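Descriptive structure summary
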Amino acid sequence: MKTSWPIRLVRALFFAFSVFIGIAIALGLQQDAWVGAVSGAVFMGMLMVLDVLLAHFTLRDFSHATLGLAVGLFCAWLITRIGVFQLAYFQNHEEGAALQNVAEICIYGTLAFFGVTFALRSDRDQFAFLIPYIRFRRDGSEGEPLLLDANVVMDTRLPGVFATGFLSGAVVVPRCVLDGLQQLADAPEVAQSLRGKRGLEMMEKLRARQEMKVSIHEDGSSDAPVEVRLVTLARELNARLLTSDDNLAKVARLRGITVLSMRELVAALNPELSVGDELRLPLTKQGKDKNQAVGYLPDGAMIVVNNAATHIGQTVDVVVSGTLPTSAGRLIFAEIKPGA
């Protein structure tokens, strides 16, 4: 994984500081300076290796682990203070003090370990048992931030969805998504260029809305795929992921992330027509038979209206007479409403 330059700078500064401290300690102990320099370099090298191994350990994970460690140590302190080690066995045994120390170390180590592991497996809601204000703060906030992917940003329906008020909270667009839109806009292929420019236009419309707070998150440089960076960022920000990519939605849900799928929203809003339902339908072209006319629902479903060829180009009232599932979607048959 590629490391950003601020992290490299911090590592270099702490490496130099560690070598300097090692030299100072060696000179204070009447040792050669090179011994202190090597010791400081080895110590900082071990820390850098540990930092690489914990590259995916987030600040939230660290805070959870710290709280779990504190709870485990506190429970161990309570256990060692209830008088268990004042029993006659420990008092009369020749090695009673040593056994007591070993037992206390085991208790502290065991509860500290389980405190950290239990905390890392817990979410923020479960911490409300220990810190009640966490739940109150979450319930009283405007909602978790919304993280957008490139497909959603390029969706022209997005500003309209936000205008309805169904979605709330701050909107976050990662820098990698914005860079991807710019690359598409500069692409030589006309179709890709139009998609990229449409996405940038949607970003301008969202940021122009005064009631919305849209921010660009600098997620740093990384060689990981954009989908992986989106899922990781959603976990770090505790954000909801708004996407129209079914595969990304599945992966995010497996990682415990709240996913808002535009595809699922559209599917949920599609009307479920059954025999006998009435609707107004614009007839756009002739059907397979000469006496048939064809119209389309807003979701793209085709409706074949019998005995309506003379009404092509008009909007008429029809009654659903049957439905037929096909590989291309639903095929709906209808008749002109009597008296229409």
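Above: the structure in question.
For the structure given in this document, a descriptive report is provided here. These numbers come from a predicted model, not from an experiment. (Residues numbered from 1 in each chain as written. Predicted model: local features only at pLDDT ≥ 70, side-chain atom pairs only at ≥ 80, totals over all residues. Heavy atoms only, no water.)

**Details of the overall build of the protein chain**
Of the regular secondary structure elements, the protein chain holds 13 helices and 10 strands. Taking all 340 residues of the protein chain together, the buried fraction comes to 30%. In the protein chain, the share of contacts with a sequence separation of at least 24, taken over all contacts with a separation of at least 6, comes to 56%. As presented, the protein chain carries roughly 21,700 Å² of accessible surface, and 62% of it is formed by carbon and sulfur atoms. (Helix = DSSP H or I, 4+ residues; strand = E, 2+ residues; numbered from the N terminus. Buried < 20%, exposed > 50% of the residue type's maximum accessible area, 1.4 Å probe, protein only. Contact = heavy atoms within 4.5 Å. Areas by Shrake-Rupley, 256 points an atom, 1.4 Å probe, with all protein chains shown as cover.)

**Observations concerning unusual backbone geometry**
Of note in this structure, Asn-238 is not a glycine but carries a positive phi near 50°. Tracing the sequence through the fold places Asn-238 in the loop between α11 (226-237) and β4 (240-243). Under the relative-accessibility criterion, Asn-238 is labelled partly exposed at 25%. The residue Asn-307 is not glycine, and still its phi comes out positive at about 55°. One can find Asn-307 in the loop between β8 (302-306) and β9 (315-326).

**Things to note about the packing of helix α1 (residues 5-28) against helix α2 (residues 33-53)**
Closest axis-to-axis distance for the α1/α2 pair is 7 Å, and the angle between their directions is 145°. The handedness of the crossing between α1 and α2 comes out as right-handed. Across the interface between the two elements, Arg-11, Phe-14, Phe-15, Ser-18, Val-19, Gly-22, Ile-23, Ala-26 and Leu-27 from α1 touch Ala-33, Gly-36, Ala-37, Gly-40, Ala-41, Phe-43, Met-44, Met-48, Asp-51 and Val-52 from α2. By residue class, the composition of the contact of α1 with α2 is 13 nonpolar, 4 polar and 2 charged. (Axes fitted to C-alpha atoms, helices over the stretch in contact; angles between N-to-C directions. Left-handed = near helix turned anticlockwise from the far one by under 90°. Nonpolar A, V, L, I, M, F, W, Y, C, P; charged D, E, K, R; others polar.)

**Topic: the pairing of β4**
Side chains Arg-240 and Leu-242 project from β4 onto one buried face, and the interleaved Leu-241 and Thr-243 project onto a second face that is buried too. As paired elements, strand β1 (residues 146-148) and β4 share 3 bridges and run parallel to each other. Within the sheet, the bridge partner assigned to Leu-146 lies in β4 and is Arg-240. Bridge count for β4 against strand β5 (residues 259-261) is 3 bridges, and the pairing is parallel. Bridge assignment links Thr-243 to a residue of β5, and that residue is Ser-261. The parallel pair β4 and β5 is bridged by helix α12 (residues 246-254), and the resulting crossover is right-handed. (Pairing = 2+ DSSP bridges. Right-handed = clockwise from strand over helix to strand, strands pointing away.)

**Concerning the nonpolar core**
Ranked by size, the top nonpolar core spans 34 residues in total, and within it Leu-147, Leu-148, Phe-162 and Leu-242 carry the most contacts. Within the second largest apolar cluster, 15 residues are counted, among which are Ala-293, Val-305, Ala-308 and Val-320. (Core = buried A, V, L, I, M, F, W, Y, C linked by side-chain atoms within 4.5 Å.)

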